[in-house]
Amino acid sequence: MASSLKALLVEDTAVDRMVLSFMLRKFHCEVILAKNGKEDVDMFLEGNKFDIVVCDKDMPIMTGPEAIKKIRAMGATDVKIVGVSADDNAMEAFMSAGADDFVPKPMRLEVLGPMIQEVINMKNN
Amino acid sequence: MGHLDEQFRQVEDLQDEASPNFVEEVVVVFFKDSGRLISNLEQALEKYPRDFNRWDAYMQQLKGSCSSIGASRMKNECMSFRDNCGQRSVEGCMGSLQKLKREHAILRQKLESYFQLLRQVGPAGAATRPAM
């Protein structure tokens, strides 16, 4: 699958950052990393544009859902935001914050692949 | 139940010629992080007695890492600990933590042996993963 998507990965845990960023790169995404929700928001405040954001829930300084609310409030309504968490009750928090999808950890290639393809299709249309 | 589930295979599938040591690098980071989290939790158990929310937060993070590399037995002990937090059982939490530490040590040993074996057999032999 060819892709020139720009992905922002927001994840405070080193292991998850490694695995998720590798997964995104498998789908030929350019991956930018943020270690918490505040860095996530700052990326958007600095004028960066992303095609997809993959965001953890519980992080220091600012949580994923808090960051997503702020990003959507900034007007970044087109970017696909996927919440990921090992917390089984995280879906509600992500979706009410404005995420498009929620995936319980661990993320799998067969789940991420179709999401990436969906973003590519929307970008091409 | 084995020590590793299908997710470990997913991590192995990410390894390629450009990153031939990816799996081992992830595992090294996992044990560094998990060791730190377990140590922080042990300190929290002492410093913040009955602070189940705080204890749970540490374990939540560890559970996530365990899920990401497929450390299934460790993940189950994380869940057991969190259940004990929910039931506000100090004794239960202590018991789960001891089991978690045992599984952590066993998994580390098994993976060290696994990577040692992989280095001996080389890339061709890596096609068949020994059961763990």
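Scroll up to find the structure.
Computed from a predicted model, the values in this text were never measured in an experiment.

**What about the overall build of chain A?**
So, step 1. Across its full length, chain A holds 5 helices and 5 strands.
So, step 2. Listed by position from the N terminus, the elements making up chain A come as β-α-β-α-β-α-β-α-β-α.
So, step 3. Relative to its length of 125 residues, chain A is compact, with a C-alpha radius of gyration of 13 Å against a globular reference of 14 Å.
So, step 4. The dimensions of chain A, computed from C-alpha atoms along their principal axes, are 35 × 30 × 25 Å.
So, step 5. In chain A, which comprises 125 residues, the share counted as buried stands at 56%.
So, step 6. Within the structure as shown, chain A displays about 5,600 Å² of accessible surface, and the carbon and sulfur contribution to it stands at 52%.

**What to know about the environment of Leu111(B)**
Residues and elements named next belong to chain B.
So, step 1. When you line up the elements, Leu111 lands in helix α5 (residues 90-125).
So, step 2. Taking relative accessible area as the criterion, Leu111 reaches 1% and is therefore assigned buried.
So, step 3. Along the sequence, Leu111 and Asn21 sit 90 residues apart, while their C-alpha atoms lie 14 Å from each other.

**Observations concerning unusual backbone geometry**
Outside of glycine, negative phi angles account for most residues, and trans bonds account for most peptide bonds.
So, step 1. Across the junction of Lys105(A) and Pro106(A), the peptide omega takes the value 5°, indicating a cis bond.
So, step 2. Tracing the backbone shows Pro106(A) in the loop between β5 (101-104) and α5 (109-124).
So, step 3. In this structure, Ile61(A) takes a positive phi of about 70° despite not being glycine.
So, step 4. In this fold, Ile61(A) is placed in the loop between β3 (52-56) and α3 (64-73).
So, step 5. For Arg50(B), which is not glycine, the phi dihedral falls at a positive 60°.
So, step 6. Checked against the element boundaries, Arg50(B) lands in the loop between α2 (22-47) and α3 (52-69).

What counts and how
- Residues numbered from 1 in each chain as written.
- Chains lettered and ligands numbered in written order.
- Predicted model: local features only at pLDDT ≥ 70, side-chain atom pairs only at ≥ 80, totals over all residues.
- Heavy atoms only, no water.
- Helix = DSSP H or I, 4+ residues; strand = E, 2+ residues; numbered from the N terminus.
- Rg over C-alpha atoms; globule rule 2.2 N^0.38 Å.
- Buried < 20%, exposed > 50% of the residue type's maximum accessible area, 1.4 Å probe, protein only.
- Areas by Shrake-Rupley, 256 points an atom, 1.4 Å probe, with all protein chains shown as cover.

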